[in-house]
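Chain by chain, the residues run as shown.
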Amino acid sequence: MTFAISVASRLGASKDMGNKDYSVRQLMELEACTNCQACADICPAVSAAGDGELSALFRMKGLKEIVKARTALFHRILRKKGLSPEEWKYFSDASFRCTLCGNCQEVCPVGIRLKDLWLSLRQDLVHSGFHPKKITLIKENLEESRNVFGEDNEERGDWVEDMRDEPEDGYIREQAEVVYFTGCTAAFFPIAQKIPIALAEIMDTSNVDFTLLGEEEWCCGFPMLGAGLMDIFQEFREHNIQAVREKGAGKIVFACPSCYQMWREYYRPGDIEIYHASQFLIDLVKKGRVPLKELNMTVTYHDPCDLGRGAHVYEEPREVIQAIPGITFVELPHTREECRCCGGGGNLEMVDAKLSAEIAKAKIEEILSTGAQAVVTSCQQCVRTMITYVRRNKISLEVLDITELIQKALKK
Ligand code: SF4
Ligand code: SF4
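A few points on the structure.

About the criteria used
- Residues numbered from 1 in each chain as written.
- Chains lettered and ligands numbered in written order.
- Predicted model: local features only at pLDDT ≥ 70, side-chain atom pairs only at ≥ 80, totals over all residues.
- Heavy atoms only, no water.
- Near = heavy atom within 4 Å.
- Nonpolar A, V, L, I, M, F, W, Y, C, P; charged D, E, K, R; others polar.
- Axes fitted to C-alpha atoms, helices over the stretch in contact; angles between N-to-C directions.
- Helix = DSSP H or I, 4+ residues; strand = E, 2+ residues; numbered from the N terminus.
- Parallel < 35°, antiparallel > 145°, perpendicular 65-115°, else oblique.
- Left-handed = near helix turned anticlockwise from the far one by under 90°.
- Contact = heavy atoms within 4.5 Å.
- Core = buried A, V, L, I, M, F, W, Y, C linked by side-chain atoms within 4.5 Å.
- Buried < 20%, exposed > 50% of the residue type's maximum accessible area, 1.4 Å probe, protein only.
- Pairing = 2+ DSSP bridges.
- Expected span 1.5 Å × (residues − 1).
- Disulfide = S-S within 2.5 Å.

Turning to the site of ligand 1, a few remarks are in order. Surveying the vicinity of ligand 1 reveals the residues Cys-43, Pro-44, Arg-59, Cys-98, Thr-99, Leu-100, Cys-101, Gly-102, Asn-103, Cys-104 and Trp-118. Across the shell around ligand 1, the residue classes tally to 7 nonpolar, 3 polar and 1 charged.

Below is the structure:
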(Lines give C-alpha, C1' and ligand atoms only; values in the text may rest on other atoms or scores of the structure.)
(Ligands and ions follow the chains in the order given, each with its own letter.)
Protein backbone atom coordinates (compact mmCIF):
# COMPACT_ATOMS: atom_id res chain seq x y z
CA MET A 1 0.00 0.00 0.00
CA THR A 2 1.38 3.39 -0.86
CA PHE A 3 0.80 6.77 0.66
CA ALA A 4 3.06 8.56 -1.77
CA ILE A 5 0.39 11.04 -2.79
CA SER A 6 1.05 14.29 -1.05
CA VAL A 7 -2.09 15.16 0.78
CA ALA A 8 -0.79 18.65 1.33
CA SER A 9 -0.57 19.19 -2.38
CA ARG A 10 -4.09 17.93 -2.92
CA LEU A 11 -5.56 19.96 -0.16
CA GLY A 12 -5.25 23.65 0.07
CA ALA A 13 -7.31 25.55 2.54
CA SER A 14 -10.19 27.93 2.64
CA LYS A 15 -9.89 30.92 4.90
CA ASP A 16 -13.67 30.99 5.22
CA MET A 17 -13.78 27.73 7.08
CA GLY A 18 -13.17 27.33 10.78
CA ASN A 19 -12.22 24.33 12.85
CA LYS A 20 -15.31 24.60 15.05
CA ASP A 21 -16.45 21.06 14.36
CA TYR A 22 -13.47 19.65 16.29
CA SER A 23 -12.86 19.62 20.03
CA VAL A 24 -9.55 20.81 21.44
CA ARG A 25 -8.76 17.19 22.26
CA GLN A 26 -9.35 16.19 18.62
CA LEU A 27 -7.11 18.97 17.33
CA MET A 28 -4.38 17.77 19.68
CA GLU A 29 -4.92 14.14 18.65
CA LEU A 30 -4.04 15.03 15.07
CA GLU A 31 -0.52 15.74 16.26
CA ALA A 32 -0.26 12.41 18.08
CA CYS A 33 -0.36 10.21 14.96
CA THR A 34 2.93 8.34 14.50
CA ASN A 35 2.20 7.15 10.93
CA CYS A 36 2.44 3.55 12.10
CA GLN A 37 -0.19 2.35 9.54
CA ALA A 38 -1.84 -0.06 11.99
CA CYS A 39 -5.19 1.59 11.18
CA ALA A 40 -4.66 1.10 7.44
CA ASP A 41 -3.73 -2.56 7.80
CA ILE A 42 -6.95 -3.34 9.69
CA CYS A 43 -9.37 -1.21 7.63
CA PRO A 44 -12.04 -3.24 5.80
CA ALA A 45 -12.55 -0.47 3.22
CA VAL A 46 -8.83 -0.41 2.37
CA SER A 47 -8.70 -4.22 2.03
CA ALA A 48 -11.88 -4.45 -0.04
CA ALA A 49 -11.04 -1.56 -2.38
CA GLY A 50 -7.27 -2.13 -2.42
CA ASP A 51 -6.98 1.62 -1.94
CA GLY A 52 -4.75 3.00 0.81
CA GLU A 53 -6.31 6.44 0.42
CA LEU A 54 -9.43 5.17 2.21
CA SER A 55 -7.39 4.61 5.35
CA ALA A 56 -7.44 6.46 8.62
CA LEU A 57 -3.80 7.33 8.07
CA PHE A 58 -4.47 9.12 4.79
CA ARG A 59 -7.45 10.91 6.33
CA MET A 60 -5.39 11.97 9.33
CA LYS A 61 -2.74 13.51 7.10
CA GLY A 62 -5.31 15.35 5.03
CA LEU A 63 -7.22 16.60 8.03
CA LYS A 64 -4.05 17.82 9.69
CA GLU A 65 -3.21 19.91 6.65
CA ILE A 66 -6.73 21.34 6.42
CA VAL A 67 -6.84 22.27 10.08
CA LYS A 68 -3.40 23.89 10.02
CA ALA A 69 -4.00 25.80 6.83
CA ARG A 70 -7.20 27.26 8.24
CA THR A 71 -5.41 29.12 10.99
CA ALA A 72 -4.61 32.71 10.16
CA LEU A 73 -0.87 32.34 10.79
CA PHE A 74 -0.41 29.37 8.52
CA HIS A 75 -2.65 30.97 5.96
CA ARG A 76 -0.36 33.98 5.81
CA ILE A 77 2.91 32.01 5.91
CA LEU A 78 1.92 29.33 3.42
CA ARG A 79 -0.03 31.73 1.19
CA LYS A 80 -2.30 28.87 0.31
CA LYS A 81 -5.02 29.41 -2.21
CA GLY A 82 -8.54 28.28 -1.48
CA LEU A 83 -9.36 24.65 -2.18
CA SER A 84 -10.51 23.79 -5.62
CA PRO A 85 -13.88 22.04 -5.63
CA GLU A 86 -12.18 18.96 -7.15
CA GLU A 87 -9.72 18.75 -4.25
CA TRP A 88 -12.48 19.02 -1.67
CA LYS A 89 -14.57 16.45 -3.50
CA TYR A 90 -11.65 14.01 -3.59
CA PHE A 91 -11.07 14.21 0.15
CA SER A 92 -14.79 14.16 0.94
CA ASP A 93 -15.41 11.04 -1.19
CA ALA A 94 -12.60 9.18 0.58
CA SER A 95 -13.92 10.28 3.98
CA PHE A 96 -17.46 9.03 3.34
CA ARG A 97 -16.23 5.70 1.93
CA CYS A 98 -15.85 4.37 5.47
CA THR A 99 -18.17 2.13 7.48
CA LEU A 100 -17.43 3.91 10.78
CA CYS A 101 -16.66 0.41 12.09
CA GLY A 102 -14.21 1.76 14.66
CA ASN A 103 -11.63 -0.93 13.98
CA CYS A 104 -8.97 1.71 13.33
CA GLN A 105 -9.68 3.26 16.72
CA GLU A 106 -9.40 -0.13 18.39
CA VAL A 107 -5.87 -0.74 17.08
CA CYS A 108 -4.43 2.78 17.22
CA PRO A 109 -1.45 2.40 19.60
CA VAL A 110 -1.59 6.02 20.76
CA GLY A 111 -5.29 5.89 21.57
CA ILE A 112 -6.60 8.44 19.06
CA ARG A 113 -10.40 8.40 19.11
CA LEU A 114 -10.57 7.96 15.38
CA LYS A 115 -14.26 7.16 15.06
CA ASP A 116 -15.21 10.38 16.86
CA LEU A 117 -12.81 12.21 14.57
CA TRP A 118 -14.54 10.78 11.47
CA LEU A 119 -17.90 11.94 12.78
CA SER A 120 -16.55 15.47 13.33
CA LEU A 121 -14.93 15.41 9.91
CA ARG A 122 -18.23 14.50 8.24
CA GLN A 123 -19.93 17.34 10.09
CA ASP A 124 -17.16 19.65 8.85
CA LEU A 125 -17.56 18.44 5.26
CA VAL A 126 -21.32 19.08 5.40
CA HIS A 127 -20.76 22.55 6.86
CA SER A 128 -18.15 23.20 4.18
CA GLY A 129 -20.61 22.11 1.48
CA PHE A 130 -18.54 19.16 0.26
CA HIS A 131 -20.51 16.03 0.91
CA PRO A 132 -22.00 13.26 -1.26
CA LYS A 133 -25.33 14.15 -2.92
CA LYS A 134 -27.01 11.32 -1.01
CA ILE A 135 -26.50 13.27 2.22
CA THR A 136 -28.86 15.97 0.97
CA LEU A 137 -31.45 13.27 0.27
CA ILE A 138 -31.03 11.82 3.78
CA LYS A 139 -31.56 15.30 5.25
CA GLU A 140 -34.71 15.91 3.18
CA ASN A 141 -36.12 12.50 4.10
CA LEU A 142 -35.52 13.09 7.80
CA GLU A 143 -37.00 16.57 7.81
CA GLU A 144 -40.05 15.70 5.72
CA SER A 145 -40.83 12.12 6.78
CA ARG A 146 -39.06 11.71 10.13
CA ASN A 147 -37.41 8.54 8.86
CA VAL A 148 -34.25 8.06 6.86
CA PHE A 149 -35.92 6.38 3.88
CA GLY A 150 -38.55 9.05 3.13
CA GLU A 151 -41.39 6.58 3.81
CA ASP A 152 -44.76 7.63 5.21
CA ASN A 153 -44.03 7.58 8.96
CA GLU A 154 -47.65 6.55 9.67
CA GLU A 155 -46.66 3.15 8.23
CA ARG A 156 -43.89 2.62 10.80
CA GLY A 157 -45.87 -0.06 12.62
CA ASP A 158 -47.34 -1.78 9.54
CA TRP A 159 -45.04 -4.81 9.99
CA VAL A 160 -47.42 -5.93 12.75
CA GLU A 161 -49.97 -6.84 10.03
CA ASP A 162 -47.60 -9.62 8.88
CA MET A 163 -47.71 -11.39 12.25
CA ARG A 164 -49.42 -14.74 12.62
CA ASP A 165 -51.41 -13.45 15.59
CA GLU A 166 -51.76 -9.81 14.74
CA PRO A 167 -52.91 -7.94 17.86
CA GLU A 168 -56.01 -5.78 17.44
CA ASP A 169 -54.28 -2.74 18.89
CA GLY A 170 -51.22 -3.14 16.63
CA TYR A 171 -49.13 -2.96 19.83
CA ILE A 172 -49.94 0.73 20.12
CA ARG A 173 -50.97 1.07 23.75
CA GLU A 174 -51.78 4.11 25.85
CA GLN A 175 -49.44 3.09 28.66
CA ALA A 176 -46.88 0.30 29.10
CA GLU A 177 -43.87 -0.62 31.20
CA VAL A 178 -41.62 -1.04 28.17
CA VAL A 179 -41.34 0.80 24.86
CA TYR A 180 -40.00 -1.19 21.93
CA PHE A 181 -38.26 1.33 19.64
CA THR A 182 -38.04 -0.45 16.27
CA GLY A 183 -35.76 1.90 14.29
CA CYS A 184 -36.14 2.91 10.64
CA THR A 185 -34.52 -0.14 8.98
CA ALA A 186 -36.54 -2.75 10.86
CA ALA A 187 -39.74 -0.74 10.45
CA PHE A 188 -39.56 -0.22 6.68
CA PHE A 189 -37.31 -2.87 5.07
CA PRO A 190 -39.10 -6.17 4.34
CA ILE A 191 -35.87 -8.19 4.89
CA ALA A 192 -35.46 -6.65 8.34
CA GLN A 193 -39.13 -6.69 9.39
CA LYS A 194 -38.73 -10.29 10.57
CA ILE A 195 -36.79 -8.87 13.54
CA PRO A 196 -39.56 -6.79 15.14
CA ILE A 197 -41.98 -9.61 14.43
CA ALA A 198 -39.68 -12.04 16.28
CA LEU A 199 -39.07 -9.74 19.23
CA ALA A 200 -42.77 -8.90 19.59
CA GLU A 201 -43.61 -12.62 19.54
CA ILE A 202 -41.00 -13.35 22.23
CA MET A 203 -42.22 -10.47 24.42
CA ASP A 204 -45.81 -11.67 24.02
CA THR A 205 -44.81 -15.20 25.05
CA SER A 206 -42.92 -13.79 28.04
CA ASN A 207 -45.87 -11.57 29.03
CA VAL A 208 -43.89 -8.35 28.73
CA ASP A 209 -46.10 -5.26 29.02
CA PHE A 210 -44.83 -3.33 26.00
CA THR A 211 -45.92 -0.81 23.40
CA LEU A 212 -44.65 0.62 20.13
CA LEU A 213 -44.59 4.37 19.49
CA GLY A 214 -46.02 3.97 15.99
CA GLU A 215 -45.79 7.16 13.94
CA GLU A 216 -44.58 8.98 17.07
CA GLU A 217 -41.32 7.09 16.73
CA TRP A 218 -38.95 9.32 14.76
CA CYS A 219 -35.50 8.39 13.49
CA CYS A 220 -33.13 7.93 16.46
CA GLY A 221 -30.58 10.28 14.89
CA PHE A 222 -27.88 7.76 14.04
CA PRO A 223 -28.02 8.50 10.30
CA MET A 224 -27.54 12.19 11.19
CA LEU A 225 -24.42 11.32 13.16
CA GLY A 226 -22.99 9.31 10.26
CA ALA A 227 -23.99 11.91 7.68
CA GLY A 228 -22.67 14.99 9.49
CA LEU A 229 -26.21 16.28 10.05
CA MET A 230 -26.24 16.68 13.83
CA ASP A 231 -27.56 20.24 13.48
CA ILE A 232 -31.06 18.74 13.06
CA PHE A 233 -30.72 16.09 15.79
CA GLN A 234 -32.02 17.96 18.85
CA GLU A 235 -35.63 18.13 17.62
CA PHE A 236 -35.66 14.35 17.07
CA ARG A 237 -34.14 13.65 20.47
CA GLU A 238 -36.66 15.79 22.33
CA HIS A 239 -39.60 14.36 20.40
CA ASN A 240 -38.62 10.73 21.04
CA ILE A 241 -37.94 11.18 24.75
CA GLN A 242 -41.29 12.92 25.15
CA ALA A 243 -43.10 10.14 23.23
CA VAL A 244 -41.63 7.50 25.56
CA ARG A 245 -42.50 9.51 28.67
CA GLU A 246 -46.11 9.86 27.49
CA LYS A 247 -46.39 6.07 27.58
CA GLY A 248 -45.33 6.08 31.22
CA ALA A 249 -42.59 3.59 30.32
CA GLY A 250 -39.55 3.17 32.54
CA LYS A 251 -37.70 0.96 30.05
CA ILE A 252 -36.89 1.13 26.37
CA VAL A 253 -35.60 -1.76 24.30
CA PHE A 254 -33.85 -1.73 20.91
CA ALA A 255 -32.98 -4.56 18.54
CA CYS A 256 -30.94 -1.97 16.61
CA PRO A 257 -27.46 -1.29 18.09
CA SER A 258 -27.31 2.13 16.44
CA CYS A 259 -30.56 3.32 18.06
CA TYR A 260 -29.33 1.81 21.33
CA GLN A 261 -26.03 3.64 21.07
CA MET A 262 -27.73 6.96 20.28
CA TRP A 263 -29.94 6.69 23.36
CA ARG A 264 -26.99 5.67 25.55
CA GLU A 265 -24.62 8.37 24.38
CA TYR A 266 -26.70 11.24 23.01
CA TYR A 267 -30.16 10.98 24.67
CA ARG A 268 -29.26 9.96 28.24
CA PRO A 269 -32.80 10.56 29.55
CA GLY A 270 -31.96 9.57 33.15
CA ASP A 271 -35.49 8.37 33.99
CA ILE A 272 -35.64 5.62 31.33
CA GLU A 273 -33.62 2.39 31.45
CA ILE A 274 -32.01 1.54 28.12
CA TYR A 275 -31.59 -2.04 26.87
CA HIS A 276 -30.36 -3.71 23.75
CA ALA A 277 -32.55 -6.71 22.84
CA SER A 278 -29.75 -9.15 23.72
CA GLN A 279 -29.58 -7.71 27.26
CA PHE A 280 -33.35 -7.70 27.58
CA LEU A 281 -33.60 -11.28 26.30
CA ILE A 282 -30.94 -12.79 28.55
CA ASP A 283 -32.71 -11.27 31.52
CA LEU A 284 -36.00 -12.88 30.44
CA VAL A 285 -34.24 -16.21 29.76
CA LYS A 286 -32.54 -16.21 33.18
CA LYS A 287 -35.88 -15.50 34.86
CA GLY A 288 -37.33 -18.55 33.08
CA ARG A 289 -39.79 -16.44 31.10
CA VAL A 290 -38.75 -17.74 27.65
CA PRO A 291 -39.69 -21.40 27.08
CA LEU A 292 -37.03 -22.86 24.78
CA LYS A 293 -37.01 -26.10 22.84
CA GLU A 294 -33.98 -27.92 21.45
CA LEU A 295 -32.44 -26.52 18.27
CA ASN A 296 -29.78 -28.65 16.64
CA MET A 297 -27.73 -26.11 14.71
CA THR A 298 -24.13 -24.97 14.46
CA VAL A 299 -24.01 -21.22 14.60
CA THR A 300 -21.41 -18.49 14.79
CA TYR A 301 -21.83 -14.92 16.00
CA HIS A 302 -20.97 -11.65 14.28
CA ASP A 303 -20.45 -8.74 16.70
CA PRO A 304 -22.14 -5.65 15.19
CA CYS A 305 -19.68 -2.73 15.26
CA ASP A 306 -21.98 -0.41 17.22
CA LEU A 307 -22.93 -3.05 19.78
CA GLY A 308 -19.46 -4.55 20.17
CA ARG A 309 -16.71 -1.96 19.78
CA GLY A 310 -19.29 0.83 20.19
CA ALA A 311 -21.08 -0.28 23.37
CA HIS A 312 -18.90 -3.21 24.56
CA VAL A 313 -21.86 -5.61 24.62
CA TYR A 314 -20.13 -8.91 23.90
CA GLU A 315 -21.31 -11.39 26.52
CA GLU A 316 -25.11 -11.12 26.48
CA PRO A 317 -25.64 -12.21 22.85
CA ARG A 318 -23.35 -15.20 23.39
CA GLU A 319 -25.21 -16.11 26.58
CA VAL A 320 -28.53 -15.93 24.73
CA ILE A 321 -27.27 -18.22 21.95
CA GLN A 322 -25.80 -20.73 24.36
CA ALA A 323 -28.95 -20.80 26.47
CA ILE A 324 -30.71 -22.66 23.65
CA PRO A 325 -30.49 -26.43 24.14
CA GLY A 326 -28.83 -28.32 21.28
CA ILE A 327 -26.97 -25.34 19.80
CA THR A 328 -23.30 -25.76 18.86
CA PHE A 329 -21.56 -22.40 19.03
CA VAL A 330 -18.34 -21.63 17.15
CA GLU A 331 -16.49 -18.32 17.24
CA LEU A 332 -15.32 -16.47 14.13
CA PRO A 333 -11.55 -16.15 13.57
CA HIS A 334 -11.91 -12.39 14.22
CA THR A 335 -14.27 -11.81 17.07
CA ARG A 336 -15.34 -9.33 19.77
CA GLU A 337 -13.10 -6.19 19.59
CA GLU A 338 -11.45 -7.58 16.46
CA CYS A 339 -14.66 -8.50 14.66
CA ARG A 340 -14.59 -7.43 11.01
CA CYS A 341 -17.35 -5.14 9.78
CA CYS A 342 -20.12 -6.56 7.54
CA GLY A 343 -19.96 -3.54 5.22
CA GLY A 344 -23.30 -2.08 6.24
CA GLY A 345 -22.26 0.78 8.53
CA GLY A 346 -21.55 4.47 8.13
CA ASN A 347 -24.18 5.04 5.40
CA LEU A 348 -21.61 3.41 3.09
CA GLU A 349 -24.23 1.52 1.12
CA MET A 350 -25.86 4.81 0.13
CA VAL A 351 -22.54 6.31 -0.94
CA ASP A 352 -20.73 3.31 -2.47
CA ALA A 353 -22.86 0.14 -2.68
CA LYS A 354 -20.11 -1.73 -4.54
CA LEU A 355 -17.58 -1.20 -1.77
CA SER A 356 -20.17 -2.19 0.84
CA ALA A 357 -20.76 -5.47 -1.05
CA GLU A 358 -17.01 -6.13 -1.33
CA ILE A 359 -16.65 -5.79 2.45
CA ALA A 360 -19.65 -8.11 2.91
CA LYS A 361 -17.93 -10.66 0.65
CA ALA A 362 -14.88 -10.80 2.93
CA LYS A 363 -17.18 -11.16 5.95
CA ILE A 364 -19.17 -14.02 4.44
CA GLU A 365 -15.97 -15.85 3.42
CA GLU A 366 -14.77 -15.62 7.02
CA ILE A 367 -18.11 -16.95 8.29
CA LEU A 368 -18.06 -19.87 5.83
CA SER A 369 -14.58 -20.84 7.08
CA THR A 370 -16.12 -21.79 10.44
CA GLY A 371 -18.43 -24.41 8.89
CA ALA A 372 -21.44 -22.88 10.70
CA GLN A 373 -24.91 -23.38 9.19
CA ALA A 374 -25.99 -19.96 10.34
CA VAL A 375 -24.50 -16.65 11.32
CA VAL A 376 -26.31 -14.90 14.14
CA THR A 377 -25.96 -11.20 14.77
CA SER A 378 -27.76 -8.53 16.81
CA CYS A 379 -28.40 -5.83 14.23
CA GLN A 380 -30.89 -5.43 11.39
CA GLN A 381 -28.37 -3.57 9.24
CA CYS A 382 -25.86 -6.45 9.53
CA VAL A 383 -28.69 -8.89 8.74
CA ARG A 384 -29.72 -6.85 5.71
CA THR A 385 -26.17 -6.49 4.37
CA MET A 386 -25.24 -10.15 4.85
CA ILE A 387 -28.54 -11.56 3.55
CA THR A 388 -28.33 -9.36 0.46
CA TYR A 389 -24.86 -10.71 -0.33
CA VAL A 390 -25.77 -14.34 0.42
CA ARG A 391 -28.94 -14.21 -1.71
CA ARG A 392 -27.31 -12.45 -4.64
CA ASN A 393 -24.52 -15.00 -4.71
CA LYS A 394 -26.72 -18.05 -3.96
CA ILE A 395 -24.65 -18.99 -0.89
CA SER A 396 -26.04 -21.62 1.44
CA LEU A 397 -25.88 -19.79 4.75
CA GLU A 398 -28.64 -18.75 7.09
CA VAL A 399 -28.39 -15.18 8.42
CA LEU A 400 -30.35 -14.58 11.60
CA ASP A 401 -30.80 -11.81 14.09
CA ILE A 402 -30.59 -13.01 17.68
CA THR A 403 -34.32 -12.37 18.08
CA GLU A 404 -35.04 -14.67 15.13
CA LEU A 405 -32.84 -17.41 16.62
CA ILE A 406 -34.81 -17.27 19.88
CA GLN A 407 -38.08 -17.17 17.94
CA LYS A 408 -37.01 -20.41 16.16
CA ALA A 409 -36.36 -22.03 19.54
CA LEU A 410 -39.53 -20.75 21.18
CA LYS A 411 -41.81 -23.47 22.56
CA LYS A 412 -45.23 -22.47 21.30
S1 SF4 B 1 -13.86 3.29 10.81
FE2 SF4 B 1 -13.48 1.29 9.84
S3 SF4 B 1 -13.81 1.64 7.63
FE4 SF4 B 1 -13.55 3.67 8.61
S5 SF4 B 1 -11.37 4.15 8.44
FE6 SF4 B 1 -11.66 3.14 10.43
S7 SF4 B 1 -11.26 0.95 10.03
FE8 SF4 B 1 -11.60 1.95 8.03
S1 SF4 C 1 -3.02 3.69 14.03
FE2 SF4 C 1 -3.13 5.73 15.06
S3 SF4 C 1 -0.97 6.38 15.19
FE4 SF4 C 1 -1.01 4.68 13.71
S5 SF4 C 1 -1.24 5.72 11.69
FE6 SF4 C 1 -3.31 5.21 12.40
S7 SF4 C 1 -4.02 7.06 13.45
FE8 SF4 C 1 -1.77 7.24 13.26
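Let us now look at the packing of helix 5 (residues 56–70) against helix 7 (residues 85–96). The interhelical angle for the contact between helix 5 and helix 7, taken along N-to-C directions, is 135°, at an axis separation of 11 Å. Regarding the angle of helix 5 to helix 7, the classification is oblique. For helix 5 against helix 7, the interelement crossing comes out left-handed. Within the contact between the two elements, helix 5 uses Phe-58, Arg-59, Gly-62, Leu-63, Ile-66 and Arg-70 and helix 7 uses Trp-88, Tyr-90, Phe-91, Ala-94 and Ser-95. Taken together, the residues that form the contact of helix 5 with helix 7 break down as 7 nonpolar, 2 polar and 2 charged.

To continue, consider the nonpolar core. One finds Leu-114 and Trp-118 to be the most contacted residues of the largest nonpolar core, which totals 117 residues. Of all hydrophobic cores here, the second largest spans 8 residues; its members include Ala-45, Leu-348, Leu-355 and Ile-359.

What follows covers the sheet that holds strand 3 (residues 251–254). What holds strands together in a sheet is hydrogen bonding between their backbones, with the strands either parallel or antiparallel. Across the sheet, which stays open at both edges, the 4 strands sit in the order 2-1-3-4 with parallel pairing between neighbours. Lying at the two open borders of the sheet, with one neighbouring strand each, are strand 2 (210–211) and strand 4 (273–276). Across the sheet, helix 12 (residues 194–205) touches strand 1 (178–181), strand 2 and strand 3, and the angle it forms with strand 1 is around 165°.

Compared with the 21 Å implied by 1.5 Å per residue over 15 residues, the 21 Å span of helix 5 between its first and last C-alpha is a close match. Burial of helix 5 is extensive: 11 of the 15 residues sit out of reach of the surface. Ala-56, Leu-57, Phe-58, Arg-59, Met-60, Gly-62, Leu-63, Ile-66, Val-67, Ala-69 and Arg-70 are the residues of helix 5 that are buried.

Moving on, we get to the pairing of strand 1. Side-chain alternation along strand 1 places Val-178 and Tyr-180 on one buried face and Val-179 and Phe-181 on a second face that is also buried. Relative to strand 2, strand 1 runs parallel, the two sharing 2 bridges. Residue pairing across strands places Val-179 opposite Thr-211, the latter belonging to strand 2.

Of note, Thr-298 is situated in strand 5 (residues 298–301). In this structure, the C-alpha to C-alpha distance between Thr-298 and Phe-329, residues 31 residues apart in sequence, is 5.8 Å. In this structure, Thr-298 is in contact with Thr-328, Val-330, Ala-372, Gln-373 and Ala-374, ignoring residues within four places of it in sequence.

The 4 strands lie next to each other as 6-5-7-8, forming an open sheet whose pairing is parallel. In this open sheet, the two strands that pair with only one neighbour each are strand 6 (328–330) and strand 8 (398–401). Between one strand and the next, the sheet's axes are offset by a mean angle of 30°, whatever the strand orientation. In terms of strand pairing, strand 5 meets strand 6 through 3 bridges, oriented parallel.

Under the criterion given, the structure shown has 0 disulfides. Cys-256 forms no disulfide, and the closest cysteine sulfur to it belongs to Cys-259, at a distance of 3.6 Å. The buried category is assigned to Cys-256, whose relative accessible area is 5%.

Nothing here speaks to function; it is all geometry.
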